[in-house]
Amino acid sequence: MKFIEKEKTKLDRGHFELNRRRVNWSQIAKPKILELCRSFAKDANEQGYPYHLFCFEGSKDKNAETIQFGIGINFTGIQKKEVQYLEDGGIREKSTNVIEKGSALVFSQGPAGDIMVLLYPYKSEVHARSEDYIVLHRSLLPEELTDSLIFRSLRKSLYYARISSLNGIAYGLTLMDRFSLFKMKYFDVRSQAKRREEFVNLTSEWWKVIVAALLALVAALFAQYLAK
C-alpha cells in the first residue's frame with residue numbers, strides 16, 4: 001500500500017534525523033560549548049570578575065544532557081539573627097548569612113535532539129526577580145550552536161546576573177539595560193505564546209462583535225422588508 005510506504009519513509013527519515021542530531025550534539029556541539037564556556041570562565045576569573053564562574057556537565061542522562069555555565073554564590077552582607085531560649089534560662093544567638101545563588105546559563109538537550117538555552121537569575125531569601133527564568137533559544141539544531149551564539153549567550157548571562165543581584169540592583173538599570181531586558185523577555189518563547197493566545201482571544205472577541213452587528217443589521221433589514 002502506498003500509504004504504508006509513505007508513512008514508513010517519513011518515520012525512517014525522522015529516525016535518521018534524530019540520530020544525526022544526537023551524534024552532532026555529542027561529537028561537535030557539546031565539546032565546543034564546554035571548551036568555550038570554560039575558556040570564558042577562566043579568562044573572567046583571572047581578570048578579577050567579582051563572581052566566580054565555572055562550567056560543568058549537569059544531567060548526564062543519555063540523549064538528555066545539559067551543560068551549565070554557573071555563576072557562584074554571592075554574600076549579600078545581610079545576616080539573620082535568631083535567638084533561642086534554652087531550658088536552663090540561658091539565651092543562644094544564631095547567625096545566618098543571606099546569600100544569593102542560582103544564576104546560570106543552561107544548554108539543554110531535548111528529547112527530539114534539539115537544544116534549548118535558558119537563563120536563570122540570582123535569588124535569595126530577601127529578593128528575587130518576577131520571572132523564574134528566561135528562554136533565550138528553543139528548538140535549536142546542534143549545528144546552529146555557533147561560536148557567536150554561544151558567546152552572545154555567555155555575555156547575556158553575566159548581564160542577567162548583574163541586574164538580578166543586589167549589587168546590580170543598587171547600581172540601577174541604565175536605559176540600555178532596560179532595553180536588553182525587554183528584548184530578552186519579549187522574545188522568550190513563553191511570552192510569544194502568550195501574545196499569540198491573547199491575539200486569538202482578541203480576534204475571537206472581535207468576531208463575536210462583528211457577527212452580532214451583522215445579525216442585528218440583517219434583523220433590521222428583514223423587519224423593514226416585512227413593514228413594507
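First, a word on scope: everything that follows refers to the structure included in this document. (Residues numbered from 1 in each chain as written. Predicted model: local features only at pLDDT ≥ 70, side-chain atom pairs only at ≥ 80, totals over all residues. Heavy atoms only, no water.)

Concerning the overall build of the protein
- Along the protein, the regular secondary structure elements total 5 helices and 7 strands.
- In the protein, which comprises 228 residues, the proportion classed as buried is 30%.
- A separation of at least 24 residues holds for 55% of the contacts in the protein among residues at least 6 apart in sequence.
- Working note: accessible area of the protein is about 15,400 Å², and carbon and sulfur atoms make up 60% of it. (Helix = DSSP H or I, 4+ residues; strand = E, 2+ residues; numbered from the N terminus. Buried < 20%, exposed > 50% of the residue type's maximum accessible area, 1.4 Å probe, protein only. Contact = heavy atoms within 4.5 Å. Areas by Shrake-Rupley, 256 points an atom, 1.4 Å probe, with all protein chains shown as cover.)

Brief notes about the packing of helix H2 (residues 147–164) against helix H4 (residues 175–186)
- Look at H2 against H4: their axes get within 11 Å of each other, and the N-to-C directions meet at 115 degrees. Here H2 lies roughly perpendicular to H4, going by the angle between them. Handedness of the crossing formed by H2 with H4: left-handed. Mapping the contact onto sequence places Lys-156, Tyr-159, Tyr-160, Arg-162 and Ile-163 in H2 and Asp-177, Ser-180, Leu-181 and Met-184 in H4.
- Looking at side-chain class alone, the contact of H2 with H4 contains 5 nonpolar, 1 polar and 3 charged residues. (Axes fitted to C-alpha atoms, helices over the stretch in contact; angles between N-to-C directions. Parallel < 35°, antiparallel > 145°, perpendicular 65-115°, else oblique. Left-handed = near helix turned anticlockwise from the far one by under 90°. Nonpolar A, V, L, I, M, F, W, Y, C, P; charged D, E, K, R; others polar.)

A few points about the state of the cysteines
- Applying the stated criterion across every chain yields a total of 0 disulfides.
- Unpaired in terms of disulfides, Cys-37 finds its nearest cysteine sulfur in Cys-55, a separation of 4.1 Å. (Disulfide = S-S within 2.5 Å.)

Examining the packing of helix H1 (residues 2–46) against H2
- The contact between H1 and H2 brings their axes to 11 Å, and the two run at 45 degrees. It follows from the interaxial angle that H1 and H2 lie oblique. Judged by the sense of rotation from one axis to the other, the crossing of H1 with H2 is right-handed. On H2, the residues touching Lys-32, Ile-33, Leu-36, Cys-37 and Phe-40 of H1 are Asp-147, Ile-150, Phe-151, Leu-154 and Leu-158.
- Here the residues of the contact of H1 with H2 are counted per class, giving 8 nonpolar, no polar and 2 charged.

Regarding the environment of Arg-21
- Along the chain, the position of Arg-21 falls in helix H1.
- Considered as a pair, Arg-21 and Gln-109 are 88 residues apart in the sequence and their alpha carbons are 9.9 Å apart.
- Ignoring any residue separated from it by four or fewer positions in sequence, one finds Arg-21 in contact with Ala-112, Gly-113, Leu-141 and Pro-142.

Some thoughts on the pairing of strand E6 (residues 115–120)
- Pairing analysis gives 6 bridges linking strand E5 (residues 104–109) to E6, with the strands arranged antiparallel. The residue bridging Phe-107 from the neighbouring strand is Val-117, located in E6.
- The loop that links E5 with its antiparallel partner E6 comprises 5 residues; one of these, Gly-113, has a positive phi angle of about 85 degrees.
- Across 4 bridges, the pairing between E6 and strand E7 (residues 134–140) is antiparallel. Bridging across to E7, Leu-118 finds its partner in Val-135. (Pairing = 2+ DSSP bridges.)

Comments concerning the pattern of salt bridges
- Applying the stated criterion to the full structure yields 14 salt bridges.
- In this structure, the salt-bridge partner of Glu-131 is Arg-129, at a minimum N-O distance of 2.5 Å.
- The exposure class of Arg-129 is partly exposed, given its relative accessible area of 21%.
- Residue Lys-185 pairs with Glu-131 through a salt bridge whose shortest N-O separation is 3.6 Å. In this pair, Lys-185 sits in helix H4 while Glu-131 sits in the loop between E6 and E7, placing the two residues 54 residues apart along the sequence.
- A residue is classified by how much of its surface remains accessible, and Glu-131, at 11% relative accessible area, is buried.
- A single network of salt bridges, built from pairs that share partners, joins Glu-17, Arg-20, Arg-21 and Glu-143. (Salt bridge = Lys/Arg side-chain N within 4 Å of Asp/Glu carboxyl O.)

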